[in-house]
Amino acid sequence: MICPDPPIPATGVRRKARAIPALIKGRRRQTPAEYSPEGDCENHRKCAKTFIYFSPMGIRMPRIYLGKIPLRWCDTCHTPVLSGTCACGAPARPVAVTPPGDARPAFPDDVDRVNRVFCEHFGAPLIPEGHLSLLNKVPADDRMDEIVLGGAVVGAIRYIPGEQRWEPLPRPNAAAFLRPTKRYVVVDGGAIPSIRDGGASVLAPGLLSIDPAVAEGDEVFILTEAGECIGVGRAKVDAAVATAMERGLVVRTRRNVSSACVPGEATWEDAVAANERILAEYEAASIQFVRDVAEKNPERPTVSYSGGKDSLATLLIVLKALGPVPLLFADTGLEFPETCENVEAVAERYGLEVLRVCDEAAFWSEFERSGPPAVDNRWCCRVCKLHPLGRLIDEHFGECLSFIGQRKYESVRRMQSRRVWRNDRVPQQLSAAPIQQWTAMHVWLYIFREKAPYNRLYERGLDRIGCFMCPSSDLATFALIRESCPELSEMWLAKLAGWQEKQGLPRDWVERGLWRKRGGADEEEDSYN
Ligand code: SF4
């Protein structure tokens, strides 16, 4: 539900009214916020051209462009639109998400998590019922997801591994959806223009009241006496200190580029309808690609099916282009039970043969020799996927053509990859990527349109499906897995602890997830969808 009412500053600690001093002799009188030094916004402006930006935490992060970001919004239908015009005929405006901009729908568990995090911090949920919201993963130390609502980025949630918690990072547009009852400051009318229009920080002379719960380092909303949100920022002092201060910085304002935000209810069926034309175009182009590749290559066509959304979209395209084909499922033995269930459900729905290969024993004997796989040493792909798959193809086909759910928006390597290729380790398999140009939103809208049975793990907050202990996962994902699959998680932690002890490694090698990185060369070229 949207909260249109103004916030309740009366519950804050009220400061006594005082005149705003002219601090700089001989110059015009300034409002308090103008005294603050330049903040992140200035750095952002300087560095934007060099493809570096500052995260909401002020951390230098690279901007990674993997392709044009097609995400737009229709303010009439209140849905994401992946082209310039919505199916309703209204123009769709761009949504300024952070690159690479591979946003995805927020599923009910995601919405619950975001709302829980905002409720705990600000006393109110962010995402109202009935509104479509998206999550856009952005570069961060571990995991940070921008939240798109009403066609604007209204904030983000960031995982802090050391504290095992999510932190909310609102933007001013969040105030269109929530009324903070905790962690806000109220500023004097004289300070409003410089804070709202100039991104100036909140200084003690301009502070009227501050919620007593505010602690140093907290994210806060900056409000007027009438309850209008004029900015957001990070408190530099506790509420008790702020109330006693005569001068100095209270809140470092975070300046954001303003963007339109139009709240309104819609369903995912509405979003599919709004994108009907663009989905039909992408579908037709991918079907044509599959037919062209199959026509030029006589090998037996198959689909490499992993139980993830991208291989599901690929399968749907291939079924329309060529009809039924066998599914190749390289089961590492470390798959989630839901993934194996999805493979079965998909095979049953579309009447397909599954050629499954599983060499779990090979994984554990390699583990005994080399320790766990790492993001820069993914021997697991070679041992549990590529080699067994090569044997499977030898046995059934000799050679085959496999359609794979690779997309360029997934990583730099995949963006640079050819659309038809042979992996050196499985030369008997010609691979092709029909959905190379699709974003995650194309994939999801297409899956919704086709009412295809997708892996239920996506509804539990996972955005990529792989092995449950994949070293490419961030610690936020491991925390989610620990909640929903405690037994798998415990088993893996015990194995890691065994290796740590055997090798005399420090305790935090397991606790801080240091096992995930070795410091060697990236082996992503060996990965297999
Ligand atoms: S999903 Fe992760 S753990 Fe599994 S084989 Fe691939 S890289 Fe290894």
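See above for the structure.
Just so it is clear, the model here is predicted, and its values are computed rather than measured.

Below, the discussion takes up the nonpolar core. I147, V185, V187, V202, I222 and V250 are the most contacted members of the largest nonpolar core, which totals 139 residues. At 7 residues, helix α7 (residues 309–322) tops the list of elements feeding residues into this core. Each of two domains, domain 1 (9–254) and domain 2 (276–453), supplies a minimum of three residues to this core. Every residue in contact with V250, bar those within four places of it in the chain, is listed here: V185, V202, L203, A204, L207, A235, K236, V237, A242 and M245.

Below, the discussion takes up α7. Compared with an ideal rise of 1.5 Å per residue, which puts 14 residues at 20 Å, α7 spans 20 Å between its outermost C-alpha atoms and is within 8% of the ideal. For α7, the tally of buried residues reaches 11 of 14 residues, placing the bulk of the element in the interior. Looking at α7, one finds that the buried residues are K309, D310, S311, L312, A313, T314, L315, L316, I317, V318 and A321. Its buried side turned inward, α7 meets α6 (276–296), β18 (300–304), α8 (337–350), β21 (400–403) and α12 (440–450). After α7 finishes, the residue G323 shows a positive phi value of roughly 85°.

Let us now look at the site of the ligand. In the region of the ligand, 12 residues are neighbours, and R378, C380, G466, C467 and C470 sit closest. Grouping the constituent residues of the shell around the ligand by class yields 6 nonpolar, 4 polar and 2 charged.

Turning to the packing of α6 against α7, a few remarks are in order. Between α6 and α7, the least distance of the axes is 9 Å, while the angle of their chain directions is 65°. Considering only the axes of α6 and α7, their crossing is right-handed. Contacts between α6 and α7 involve E283, S286, I287, V290, R291 and A294 from the former and I317, V318, K320, A321 and L322 from the latter. By residue class, the composition of the contact of α6 with α7 is 7 nonpolar, 1 polar and 3 charged.

A cis amide bond links P99 to the next residue, P100, at an omega of 5°. Here P100 lies in the loop between β6 (93–94) and β7 (104–105). A positive phi angle is found at Q164, which is not glycine, with a value near 50°. The topology assignment puts Q164 in the loop between β10 (152–160) and β11 (165–170).

Residues in a regular strand project their side chains so that they alternate between the two faces of the sheet. For strand β23 (residues 426–432), the buried fraction is high: 5 of the 7 residues fall into the buried class. Note: β21 against β23, 4 bridges, orientation parallel. Looking at β23, one finds that F403 is bridged to A432. With 4 bridges connecting them, strand β22 (residues 420–423) and β23 associate as antiparallel partners. Across the sheet, the residue bridging to W421 is S431, located in β23.

Criteria and cut-off values
- Residues numbered from 1 in each chain as written.
- Predicted model: local features only at pLDDT ≥ 70, side-chain atom pairs only at ≥ 80, totals over all residues.
- Core = buried A, V, L, I, M, F, W, Y, C linked by C-beta atoms within 7 Å.
- Buried ≥ 20, exposed ≤ 12 C-beta atoms within 10 Å, placed from the backbone.
- Helix = DSSP H or I, 4+ residues; strand = E, 2+ residues; numbered from the N terminus.
- Domains from an automatic or database assignment.
- Contact = placed C-beta atoms within 7 Å.
- Expected span 1.5 Å × (residues − 1).
- Near = placed C-beta within 6 Å.
- Nonpolar A, V, L, I, M, F, W, Y, C, P; charged D, E, K, R; others polar.
- Axes fitted to C-alpha atoms, helices over the stretch in contact; angles between N-to-C directions.
- Left-handed = near helix turned anticlockwise from the far one by under 90°.
- Pairing = 2+ DSSP bridges.

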